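Report on the structure
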Amino acid sequence: MTFYSRSELRIELMNSRLRTGYGMYSNFWVSASPNYTLNVDRGHGNISLEDTFGMDFYAGYRFLTYDNGDINNASLIGHGGWWYRGCSYCGTVNLNGQYITPGTRNYPYEHAAVFYYSFDLYFSLKETKMMFRRI
């Protein structure tokens, strides 16, 4: 849906204290199967969008699932498919992780919860949305 046309990505987050945040990323697209490589430019918004903490940290990486390309078990540890960069513990965002009580941390695997590090550290988020539109 994004491979053949120019799109932008919007992420909306809500933590356990009902604080909200968003990020907008231009030039968003995901490559065709089987890799589903993420391509996204640096974004803007009120969540941290630095290349070491935002979605563009994962630009150029393929989407990993337990049954497709995950040789390091990142998707098993991270409890879901994501652009793990080859390991679940080297991530700063996991919006497909395990949903646990919002505001808690998943010990010993903090990277397994639904989190966005620069928004609320490794605390599990209450709500997340990923939306895209053609531009």
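In case you missed it, the structure is sitting above this.
Thresholds applied
Residues numbered from 1 in each chain as written. Predicted model: local features only at pLDDT ≥ 70, side-chain atom pairs only at ≥ 80, totals over all residues. Heavy atoms only, no water. Helix = DSSP H or I, 4+ residues; strand = E, 2+ residues; numbered from the N terminus. Buried < 20%, exposed > 50% of the residue type's maximum accessible area, 1.4 Å probe, protein only. Polar contact = N/O pair within 3.5 Å; in protein donor to acceptor, adjacent residues only side chain to side chain. Contact = heavy atoms within 4.5 Å. 1 Å grid on protein atoms, 1.4 Å probe; cavity = no way out; pocket = protein on both sides within 12 Å on 5 of 7 lines; lining within 4 Å. Points joined across faces, edges and corners; volume = space filled by probe spheres on them. Nonpolar A, V, L, I, M, F, W, Y, C, P; charged D, E, K, R; others polar. Pairing = 2+ DSSP bridges. Salt bridge = Lys/Arg side-chain N within 4 Å of Asp/Glu carboxyl O.

Our focus in this paragraph is the environment of histidine 111. Structurally, the position occupied by histidine 111 is in the loop between β5 (93-94) and β6 (115-116). Assessed through its relative accessible area of 14%, histidine 111 is described here as buried. Looking at histidine 111, its side chain comes within polar contact range of the side chain of tyrosine 122, at 3.1 Å.

Further remarks concern the environment of serine 75. Looking at the element boundaries, serine 75 is found in helix α1 (residues 74-77). With a relative accessible area of 4%, serine 75 lands in the buried category. When the C-alpha positions of serine 75 and lysine 129 are compared, they lie 20 Å apart, and in sequence the two are 54 residues distant. Excluding residues that lie within four positions of it along the chain, serine 75 makes contacts with Leu64, Thr65, Tyr66, Asp70, Gly80 and Tyr84. In terms of polar contacts, serine 75 uses its side chain to reach the backbone amide nitrogen of tyrosine 66, at 2.7 Å.

Quick look at the layout of surface pockets now. Of the voids in this model, the largest pocket is the one considered here, and its volume is about 220 Å³. Taken together, 14 residues make up the lining of the largest pocket; nearest its centre are Met1, Thr2, Val30, Ser31 and Tyr36. Looking at the lining of the largest pocket, the elements that each hand over two or more residues are β2 (20-30) and β7 (127-134). No other element matches the three residues that β7 contributes to the lining of the largest pocket. Of the residues that constitute the lining of the largest pocket, the class distribution is 12 nonpolar, two polar and no charged.

This paragraph deals with the pairing of strand β1 (residues 7-14). With respect to burial, β1 is a largely interior element, six of its eight residues being buried. Here β1 runs beside β2; their pairing, made up of seven bridges, is antiparallel. Each bridged residue has a counterpart across the sheet, and for serine 7 the counterpart in β2 is phenylalanine 28. Between β1 and β2, which pair antiparallel in sequence order, lie five residues; one of them, leucine 18, sits at a positive phi of approximately 70°. As judged from the eight bridges shared by β1 and β7, these two strands associate in the antiparallel manner. When the bridges of β7 are listed, leucine 13 appears paired with threonine 128.

Applying the stated rule across the entire model yields five salt bridges. Across the salt bridge formed by glutamate 12 and arginine 10, the nearest N and O atoms sit 2.7 Å from each other. Between lysine 129 and glutamate 12 there is a salt bridge, with the nearest N and O atoms lying 3.9 Å from each other. Taken together, the positions of lysine 129 in strand β7 and glutamate 12 in strand β1 put the pair 117 residues apart, joining distant regions of the chain. Residue classification places glutamate 12 among the partly exposed residues on the basis of a relative accessible area of 23%.

Glancing now at unusual backbone geometry. Following serine 33, the chain continues into proline 34 via a peptide bond in cis, with omega recorded as 10°. Locating proline 34 in the fold gives a position in the loop between β2 and β3 (38-39). Its identity as a non-glycine residue notwithstanding, tyrosine 36 has a phi of 50°, on the positive side. Mapping tyrosine 36 onto the fold places it in the loop between β2 and β3. Overall, tyrosine 36 belongs to the partly exposed group, its relative accessible area being 36%.

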